Amino acid sequence: MATATQKKQLGRVRRHKRVRKTVSGTTARPRLAVFKSNKHIVAQVIDDTTGHTLAAASSHEKGPRGDGATGNVATASSVGTLIADRAKAAGITQVVFDRGGFLYHGRIAAVAEAARAAGLEF
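Here's a quick rundown of the structure. (Residues numbered from 1 in each chain as written. Predicted model: local features only at pLDDT ≥ 70, side-chain atom pairs only at ≥ 80, totals over all residues. Heavy atoms only, no water.)

Observations concerning the environment of Gly 80
For Gly 80, the location among the structural elements is in helix H3 (residues 73–89). Taking the C-alpha atoms as reference points, Gly 80 and Gly 100, separated by 20 residues in sequence, lie 15 Å from one another. If we skip the residues at most four places from it in the chain, Gly 80 touches Val 111, Ala 114 and Ala 115. (Helix = DSSP H or I, 4+ residues; strand = E, 2+ residues; numbered from the N terminus. Contact = heavy atoms within 4.5 Å.)

Quick word on the pattern of salt bridges
For the structure shown, the criterion picks out four salt bridges. Of the charged contacts in the structure, one is a salt bridge between Asp 48 and Arg 20, with a shortest N-O distance of 3.6 Å. On the criterion of sequence distance, the pair formed by Asp 48 in the loop between strand S2 (41–47) and strand S3 (52–58) and Arg 20 in helix H1 (residues 4–20) is long-range, its members being 28 residues apart. You can call Asp 48 partly exposed: its relative accessible area is 23%. The salt bridge involving Asp 98 is made with Arg 31; its shortest N-O contact spans 2.8 Å. Taken together, the residues span a long stretch of sequence, with Asp 98 in strand S4 (residues 96–98) and Arg 31 in strand S1 (residues 31–36) at a distance of 67 residues. Per residue, the accessibility class of Asp 98 equals that of Arg 31, and both read buried. (Salt bridge = Lys/Arg side-chain N within 4 Å of Asp/Glu carboxyl O. Buried < 20%, exposed > 50% of the residue type's maximum accessible area, 1.4 Å probe, protein only.)

From the geometry alone we can't say anything about function, so treat these as descriptive.
Right, here's the structure in full:
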């Protein structure tokens, strides 16, 4: 019998697979994939046709941490700004948002809103 945590994780994986059937990144409009754990948040801009990551940002890096906390909305916002800056430096202005099966709320929404504010178009 699966525990409550295992059921929750399995549900997220199922939602992510269902979303990935329709959301795919191309060379002209790559996919902005977001993953969160209890402590960190990671964002990647991925071209699915070639299978390459074009830009990445994470709360593991020293820049987004700020005061040291990594699992909060402020850090997620700085990761969103950082991924937008790196994507623009790589020549990317439009992306498709992939929330990774997570609810569009809290840290996931903070990454998306900060990336939009920094100049990425969804």
